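Coordinate analysis (summary)
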Amino acid sequence: MSASGSTRGAIIALLTAACAVCQALFPRESPSREVKDVSGLWSFRADLSPDRNRGFEHEWFKSPLAETGPVIDMPVPSSYNDITQDARIRDFIGWVWYEREVWVPGRWIKDQGTRVVLQVGSAHYYSVLWINGVKMTEHEGGHLPFEADISSVLRQSSSNPCRITIAVNNTLTLQTLPPGTIQYMTDRTSYPAGYFVQNTNFDFFNYAGIHRSVLLYTTPRVYIDDITVETSFSDNIGLVSYNVSVLGSSKSTVKVTLSAKDGRCVASASGSRGVLKVTDVNLWWPYLMHENAAYLYSMEVQVTAEDGQTDLYTLSVGIRTVKVTSTQFLINNKPFYFHGVNKHEDADIRGKGFDWPLLVKDFNLMKWMGANSFRTSHYPYAEEVLQMADRHGIVVIDECPGVGIKDIRSFGNVSLAHHLTVMKELVRRDKNHPSVVMWSVANEPAAEMPPAGFYFKELVSYTKSLDSTRPVTYITDSNYARDKGAPYVDVICVNSYFSWYHDPGHTEVISIQLNTQFDNWYGKYQKPIIQSEYGADAVSGLHSDPPMMFTEEYQKSVLQNYHDVFDQKRKEFVIGELIWNFADFMTSQNIMRVVGNKKGVLTRQRQPKAAAFLLRERYWSIANETGVLPTWTRYPCQESTSGSFMFTLYKPLKSCWNLLGSRSKDSNGGFK
């Protein structure tokens, strides 16, 4: 066997041995399924012992956590770091312990034909789960869900509450994703015994804890384990190829029904595999690209076991295609230009904890801004985020936690095997979301290092084997001529910060440097390019004329200089621009950051800086260039369902008024 073949075999062995129990279908209720949210207030204890291992040595999972020592209240979901007034908790590295007792409905336990599953939406970084002191599973990775069938343990003590214990460790090593190192300070003249710090190569705070909901849900014994949907269309016929995975029986029957928004059945089929044909199809279009954007069908899958028991699951389906040429990104065979944002799951107090009000606010702000896309920088976001994107037509570049891969030791077989596992979990979870149009396997890796070529060749190839319908990229800041992973990606995504990290204060050099960047990358690879990050820090309310760094005026000036070049190059091969960042976010404490990164066009509290208005005017202008939309949807004013108009004040509002002036009023005083 060749050296590369031997290496590939070792990686496959490690991948096969991965014990993660990953979730495919989002837990939702149906006539055959129930969901109980057990998030809320949990008991919490950080293991402050020198080696952070006392909890395991003393087996804290075997008894109520309060019996092991002092506990505090901790909300779930949330990061634990900003909840208390204790600096030790804010910066804690190591094992923390969560516990909650809940009552499980008696009918779930009495019915032997019911599976009871516990799912953790995400916990950062390594997790171990016990039910009533019995270990159920463990999971490596901080941004994807894991679950365990807990039915048998529950039925052993059905008369008592269910005690859920989860230990979470946020330590990052050279083999984790993202990587990091633990540095022990051995100079006793400067540091106490056992003193250590966590080093990372990424610019956001290493928030930790149980970040998403913890759910109990049920299925029948014969149940739908996974559904894979791939879509295409020809003329007015939509094609939905489906594959249903059923566990618990090899002799079940499967029926699939596809319904339109009004509830009409538009196609149906029997069998675990098949193709549904939809006449006069409504395609899923991005926001601002079509007057009927984000159209979703409803696919109902019903499985019937030999004994007549059924399982039913409903999945939203958007019919659309994605294709990449040497100069364009095509959605439904039409050129799509990314004008959007990079984000973080980050907010005051809750850290990375999932929060519905914040999510809805962020989508309202993106749509207000005219953004049609975002990247899940630098890790997978909660699946609820993608569900929102599906419903609102916001296009997503779905990124794994491959950020900060800077050390050559993070390119080894163990690291690669884990990276492949993460991509497998990510694709398995997100593959059916029409909003997801591209996978990103890393952000700013050390792609010029010798091992990077093999690493990214394998990683991109494996991701494509999991999903052949979407392009694959990674985000680079390497030298174009020495980037060893660029030959394998479908789209070049480049980060650059001219006049900020390079030639700080000199916006006059942006034009020549950015033009050179684009010409170099396209000249070598002949692939379309997205400016995946650009920007400048601005402290809200800080002003200077002439513009100076860290003022709102300087941030605007940087953006305007970039935009001038974008407008030239998007006529050729540039297919997108994603501002860094949507909102200010927290980072570790260092001399370059004053209470976090201030490159947001919004503050961390989601209030606009001057750059937000600049982007808003630009993004709406780009959207209006398509000429596809009627006048009243081309601008930020829309017609309500009653036929009257709702307005958002905006520069081109005059066009809306001109439109209204040409229409007669109805009996209610609205415009017909």
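Residues numbered from 1 in each chain as written. Predicted model: local features only at pLDDT ≥ 70, side-chain atom pairs only at ≥ 80, totals over all residues. Heavy atoms only, no water.

1. Overview of the overall build of the chain
Heads up, the rule is: Where helices and strands are cited, they refer to DSSP runs of H or I of at least four residues and of E of at least two residues respectively, numbered from the N terminus. To be clear on the numbers: accessible area is Shrake-Rupley with a 1.4 Å probe, and residue cover counts the displayed protein chains and nothing else.
Helices and strands together make up the secondary structure of the chain, namely 14 helices and 34 strands. When the accessible surface of the chain is split by element, carbon and sulfur atoms take 51% of a total near 27,300 Å².

2. A closer look at the nonpolar core
Our working definition: Residues belong to a common nonpolar core when they are buried Ala, Val, Leu, Ile, Met, Phe, Trp, Tyr or Cys residues joined through side-chain atoms within 4.5 Å. Relative accessibility decides the category of a residue: with a 1.4 Å probe and only protein chains considered, values under 20% of the type maximum give buried, values over 50% give exposed, and everything between is partly exposed. Only heavy atoms matter for contacts: two residues are in contact if any of them lie within 4.5 Å across the pair.
Membership of the largest hydrophobic core comes to 90 residues, with the highest contact counts inside it found for Phe363, Phe374 and Phe456. Top contributing element to this core by residue count: helix H12 (residues 610-624), with eight residues. If sequence neighbours within four positions are ignored, Phe456 has contacts with Phe411, Val441, Ala442, Pro445, Tyr474, Gly485 and Tyr488. Grouped together as the second largest cluster of nonpolar side chains are 50 residues, Leu258, Val278, Val322 and Phe336 included.

3. Let's talk about the sheet that holds strand E17 (residues 253-259)
What counts is decided by this rule: DSSP bridges decide pairing: two strands pair if at least two such bridges lie between them. Think of each axis as a best-fit line through the C-alpha atoms, taken over the contacting stretch in the case of a helix, with angles from 0 to 180 degrees between the N-to-C directions.
The strand order across the open sheet built from four strands is E18-E17-E20-E21, with neighbouring strands paired in antiparallel fashion. Strands with a single pairing partner mark the edges of an open sheet, and in this sheet they are strand E18 (265-270) and strand E21 (310-317). On average, each strand axis in the sheet is tilted by 15° relative to the strand beside it, whichever way the strands run. As paired elements, strand E20 (residues 297-304) and E21 share eight bridges and run antiparallel to each other. Residue pairing for E21: Glu300 is matched across the bridge by Thr314.

4. Topic: the packing of helix H6 (residues 356-369) against helix H7 (residues 383-392)
Selection rule: Here is the rule for handedness: rotate from the far helix to the near one, and if that takes an anticlockwise turn smaller than a right angle the crossing is left-handed, while a clockwise turn gives right-handed. Gly is put with the polar residues, along with every residue not named as nonpolar or charged; the nonpolar set is Ala, Val, Leu, Ile, Met, Phe, Trp, Tyr, Cys and Pro, and the charged set is Asp, Glu, Lys and Arg.
The contact between H6 and H7 brings their axes to 11 Å, and the two run at 35°. Seen along the crossing, H6 lies across H7 with a hand that is right-handed. On the side of H6, the interface is formed by Trp356, Leu359, Val360, Phe363 and Lys367, while H7 contributes Glu384, Val385, Met388, Ala389 and His392. Taken together, the residues of the contact of H6 with H7 break down into seven nonpolar, one polar and two charged.

5. Regarding the side chain of Lys343
Positionally, Lys343 belongs in the loop between strand E25 (338-342) and H6. Accessibility expressed as a relative area gives 8% for Lys343, which makes it buried. Excluding residues within four positions of it along the chain, Lys343 makes contact with Asp362, Met366, Phe374, Arg375, Ser377, Tyr381, Asn581 and Phe582.

6. Things to note about a nonpolar patch on the surface
The criterion, for reference: The residues that make up patches have over 30% relative accessible area and no salt bridge, and they are joined within 9 Å when like-charged or within 5 Å when they are Val, Leu, Ile, Met, Phe, Trp or Tyr. The salt bridge criterion pairs a side-chain nitrogen of Lys or Arg with a carboxyl oxygen of Asp or Glu, the two atoms within 4 Å.
A cluster of nonpolar residues, Tyr501, Ile591 and Met592, forms a patch on the protein surface that exposes about 380 Å² of accessible area. Relative to the assigned elements, Ile591 resides in the loop between strand E32 (574-579) and H12.

7. Focus: the packing of aromatic side chains
Keep this limit in mind: Ring pairs shown here join Phe, Tyr and Trp side chains whose ring centres sit within 6.5 Å, with only the six-membered ring taken for Trp; geometry is labelled stacked below 30 degrees between planes, edge-to-face above 60, and tilted in between. Distance and angle both matter: a charge sits over a ring if NZ of Lys or CZ of Arg is within 6 Å of the ring centre and within 35 degrees of the ring normal.
Throughout the structure, instances matching the rule amount to 39 aromatic pairs. Here Phe336 and Phe338 contribute two aromatic rings whose centre-to-centre distance is 4.8 Å and whose plane-to-plane angle is 80°, an arrangement assigned as edge-to-face. When its relative accessible area of 1% is taken as the criterion, Phe338 is described as buried. Three or more aromatic residues link up through ring pairs in this structure, and these residues are Phe56, Trp60, Phe61, Trp95, Trp97, Tyr126 and Trp130. Looking at Lys367, its charged tip hangs above the ring of Tyr287, at a distance of 5.0 Å from the centre. Lys599 extends its terminal NZ or CZ atom over the ring of Tyr497, reaching a point 5.6 Å from the ring centre.

8. Description of unusual backbone geometry
Of note, the amide linkage connecting His124 to Tyr125 takes the cis form, showing an omega dihedral of 15°. With respect to the element layout, Tyr125 can be found in the loop between strand E6 (123-124) and strand E7 (126-131). With omega at -10°, the peptide bond leading from Ser377 into His378 counts as cis. Counting through the fold element by element, His378 comes out in the loop between strand E26 (373-375) and H7. Residues other than glycine seldom take positive phi values, yet Asp280 does so here, at roughly 50°. Structurally, the position occupied by Asp280 is in the loop between strand E19 (273-279) and E20. Unusually for a residue other than glycine, Leu288 sits at a positive phi of about 75°. Here Leu288 shows up in the loop between E19 and E20.

9. Digging into the sheet that holds E32
One closed barrel holds the eight strands; their spatial order is E25-E26-E27-E28-E29-E30-E31-E32, and the pairing between them is parallel. Taken over all neighbouring pairs, the strand axes of this sheet differ in orientation by 25° on average, direction set aside. Both strand E28 (residues 436-443) and strand E29 (residues 472-476) contribute to a ladder of three bridges, which runs parallel. Bridge assignment links Asn443 to a residue of E29, and that residue is Ile475. Set on the sheet, helix H9 (residues 452-466) makes contact with E28 and E29; between it and E28 the angle comes to about 155°.

10. Digging into the packing of helix H11 (residues 552-569) against H12
A pair of packed helices can be characterised by two numbers: the angle between their axes and the separation between those axes. Stated formally: Should an angle lie under 35 degrees it is considered roughly parallel, over 145 roughly antiparallel, and from 65 to 115 roughly perpendicular; all remaining angles are considered oblique.
The N-to-C vectors of H11 and H12 enclose an angle of 20°; their axes lie 8 Å apart at closest approach. The orientation of H11 with respect to H12, classified from their angle, is roughly parallel. The hand of the H11/H12 crossing is right-handed. Residues Glu552, Gln555, Lys556, Leu559, Gln560, His563, Phe566 and Asp567 of H11 form the contact with H12, whose participating residues are Ala610, Ala611, Leu614, Leu615 and Arg618.

11. Section: the pattern of salt bridges
As enumerated under the stated definition, the model contains 35 salt bridges in all. Residue Asp86 pairs with Arg88 through a salt bridge whose shortest N-O separation is 3.1 Å. With relative accessibility at 26%, the residue Asp86 sits in the partly exposed group. Residue classification places Arg88 among the exposed positions, given a relative accessible area of 54%. Between Glu577 and Arg618 there is a salt bridge; the shortest N-O distance is 2.7 Å. Remark: Arg618 occurs in helix H12 and Glu577 occurs in strand E32; sequence separation between them is 41 residues. An identical accessibility class is assigned to Glu577 and Arg618; each is buried.

12. Focus on the pairing of E25
Applied cut-off: When the strands point away from the viewer, a crossover counts as right-handed if the route from the first strand across the helix to the second turns clockwise.
Of all five residues in E25, five are buried, a share of seventy percent or more. Taken together, the four bridges between E25 and E32 define a ladder with parallel strand orientation. Across the sheet, His339 pairs through a bridge with Glu577, a residue of E32. Strand direction decides the pairing type here: E25 and E26, joined by two bridges, are parallel. Its bridge partner being in E26, Asn342 is matched across the sheet by Arg375. Each parallel crossover has a hand, and the one from E25 via H6 to E26 is right-handed.

Any functional reading would require information beyond the geometric quantities listed.
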